[in-house]
Every structure is written in C-alpha cells, then in structure tokens.
Amino acid sequence: MDTFNTDETLENLEKLKDVNGNQILEFFKGKIPNIISFGLTVLLALLVYFIGTRLIRFLRKFVRRSLERSGVDTGVMQFVDALVKAMAYALLFLVIIGFFGIETTSFIAVLGSAGIAVGLALQGSLSNFAGGVLILALKPFVVGDYIISGSNEGTVTEISLFATRLLTVDNRAVIIPNGDLANSTITNVTREEFRRLDLTVGIGYQADIRKAKELLEHIFRQEKDILKDRPIQVYVDSLGDSAVLLGVRGWVETVKYWDVRWRVIEQIKLQFDEEGIEFPYNQMDVHLHRETSD
C-alpha cells in the first residue's frame, strides 16, 4: 500500500498556484488597455451628456425668447419648446452611443424600421400629435381661452405635443387628447370681446305683459355693465302651457358675462315680486266626481 506524500502534494499545489496566478495576471495585462479605453469613453460620454444638457437648456431658452419677441401665442411656444426638447435629446443620444462604437447610420435604419412598427401600434399618439399641429396652425383657441368641447369645458392652460390641458371653474385639471379636439366641435366662449346676454322669463297669463316688458327693459338699462350703445330687446318669446315666456337681450363684455347674468336674474326676481308679477309653476288640478247611488 502506497503512503501519502504530503511534501510532494504541497509542492504540486504551489506550482499550480503560481501557474494560475501568472495566467490571471497575463489575462488582465492584456485587457488593461481595453479597460482604460472603455473607462475614458464612459467619462467622455458623461462629459458630453453634461455639456449637451446645458446646451439644450440654452437652446430652448433662446427659442422661447425668439418666439416671445415675435409675438407668438403661448400655445405655440409650448408646442415648439416640447418639439425642440425631444429632437435635441434624440440627437444627444445618437452622439453618445457613437462613442461606444455603435454605427449611428445602422442604428437610425433599425430605429426607422422599428419606428414604423411602433407607429402602427401608436396610431392614436400620432393622431394626437397631428391634432396638435392642426390646433396650432388653425388656432381655434389659444392659451387663456375658455372653450367647450363635448362634455368638457374650461380655460386652456397648456397645448402640448399630444394633449391640451384645461382648468375648470372649480379648479379641476382636464387633459384632452389633441386628436379628439381636432375632430370635434369646439365652442370658444372668450374669443370675441363682447357676448350677448339672453334671458327667458315666464309670467302668468293673468299678469300684465306690458308692465313686465317695461320692468325687464328697465332692469337691463339700469345694469351698469350692460352696453347701452348696443340694442336691448324685450319681446314675447312664446305662449307656454302655463306661462307667457318673455325674452330679453343685451350685450356685455365677455369677461363680465357671468357676473352680470347673476345680478340681472336676482333683480328680475326682486322687482317682479315688488310689482306683484307672479312667476307661474306647474300645477295639477284634480277633480273628484262623487257617484250617487239610486
């Protein structure tokens, strides 16, 4: 039976250790230039990113100031700013990946092919982008206008690449895709400087129509914010089932519309009550017939 030689085993392990250590050292010696080169590339990419982001900020600021001097409305400035930002960062990305040996031409070709597939998948987003371009070109509204579109209404606060933001009178933010806005009917309430105030008032058939018409005209002429250089009309609108409907019209500045409307309605109620002119309400007459037995 052979005996185990401890000294010989230890000597073989030391030789193996030396061989493995030399191989590892030689491996890293061959890779050190590549590691240094990659590290320098990363540092250069970080430096370019740092400088590029600041150049992009400067470019956006320059474009915004140029548009402001040109008198462009806020919506166009917001849209152009977002577009410049997206294109500038895309260019910066292509420059950075070029440092790592990626062929930008091939990458753009691949990106273009992928863009077609993505475009088909994101038709709604492209439609919203096209809608934003149409809104800025046709200008059915601008930032600051109060618009109504379907069940949504509010003051336009921002027109971005893909959506328009509204702020309602009760301070709720409503975001509507530009594609929906471009393909729907839009009522721009504040586009014109003046707005006509139309009211319909119902009085009883027993009431004095002439007196009621005189009161309505008096209320409109006494209201300080109703324009006196424009016609004030009072007329019989229709004969309803339980009321005579009177109409009255006058013109106000658009920004004062709601305040004037609320004040006038209050005055109509107060002065009609003072003059004894009643506002009718729906009534039901029930007739009971008693049957008598023979």
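All of these numbers come straight from a predicted model, not from anything done at the bench.

Thresholds applied
- Residues numbered from 1 in each chain as written.
- Predicted model: local features only at pLDDT ≥ 70, side-chain atom pairs only at ≥ 80, totals over all residues.
- Heavy atoms only, no water.
- Salt bridge = Lys/Arg side-chain N within 4 Å of Asp/Glu carboxyl O.
- Helix = DSSP H or I, 4+ residues; strand = E, 2+ residues; numbered from the N terminus.
- Buried < 20%, exposed > 50% of the residue type's maximum accessible area, 1.4 Å probe, protein only.
- Phe/Tyr/Trp six-rings, centres within 6.5 Å; stacked < 30°, edge-to-face > 60°.
- Lys NZ or Arg CZ within 6 Å of the ring centre and 35° of its normal.
- Pairing = 2+ DSSP bridges.
- Expected span 1.5 Å × (residues − 1).
- Arc of directions from axis to C-beta.
- Contact = heavy atoms within 4.5 Å.

Caption draft 1: The pattern of salt bridges, seen in detail. All chains considered together, the criterion is met by 14 salt bridges. Close ionic contact of Arg249 with Asp198 constitutes a salt bridge, the shortest N to O distance being 3.7 Å. Of this pair, Arg249 sits in strand 8 (residues 244–253) while Asp198 sits in strand 6 (residues 194–203), placing them 51 residues apart in sequence. Residue Arg249 is classed as partly exposed on the basis of its relative accessible area of 26%. Between Arg263 and Glu223 there is a salt bridge; the shortest N-O distance is 2.6 Å. With Arg263 in helix 7 (residues 257–274) and Glu223 in the loop between helix 6 (209–222) and strand 7 (233–239), the pair connects residues that are 40 residues apart, well separated along the chain. Through salt bridges with shared partners, a single ionic network connects Glu223, Lys224, Asp225, Glu253, Lys256 and Arg263.

Caption draft 2: Here's a closer look at the packing of aromatic side chains. Taken as a whole, this structure holds three aromatic pairs when the rule is applied. Between Tyr257 and Trp258 the ring centres are 5.1 Å apart and the planes differ by 90°, which places this aromatic pair in the edge-to-face class. By relative accessible area, Tyr257 is classed as buried at 6%. Judged by its relative accessible area of 45%, Trp258 falls in the partly exposed class. On the basis of an interplanar angle of 35° and a centroid distance of 6.0 Å, the ring pair of Trp258 and Trp262 is categorised as tilted. Here Trp262 and Trp258 lie together in helix 7, a separation of four residues that amounts to about one turn. Look at Trp262 and you get exposed, because its relative accessible area is 54%. Here a set of aromatic residues connected by ring pairs shows up, and it is made of Tyr257, Trp258 and Trp262. It is Arg195 that lies over the ring of Tyr257; its NZ or CZ is 3.8 Å from the centre.

Caption draft 3: Up close: the pairing of strand 7. In this structure, strand 7 lies alongside strand 8, joined through six bridges in antiparallel fashion. Pairing of Gln233 across the sheet is with Arg249, part of strand 8. The turn joining strand 7 and strand 8, which pair antiparallel and follow one another in sequence, is formed by four residues.

Caption draft 4: Examining helix 7 more closely. If you check helix 7, its first and last C-alpha atoms are 26 Å apart, about what 18 residues at 1.5 Å a residue would give, namely 26 Å. Here helix 7 has its buried residues at Tyr257, Val260, Val264, Ile268, Gln271 and Phe272. Seen along its axis, helix 7 keeps its buried residues to an arc of 95°; they face one direction. Structural note: helix 7 exposes Trp262 and Glu274 on the side pointing more than 90 degrees away from its buried face. Among the structural elements, strand 6, helix 6 and strand 8 are those in contact with the buried residues of helix 7.

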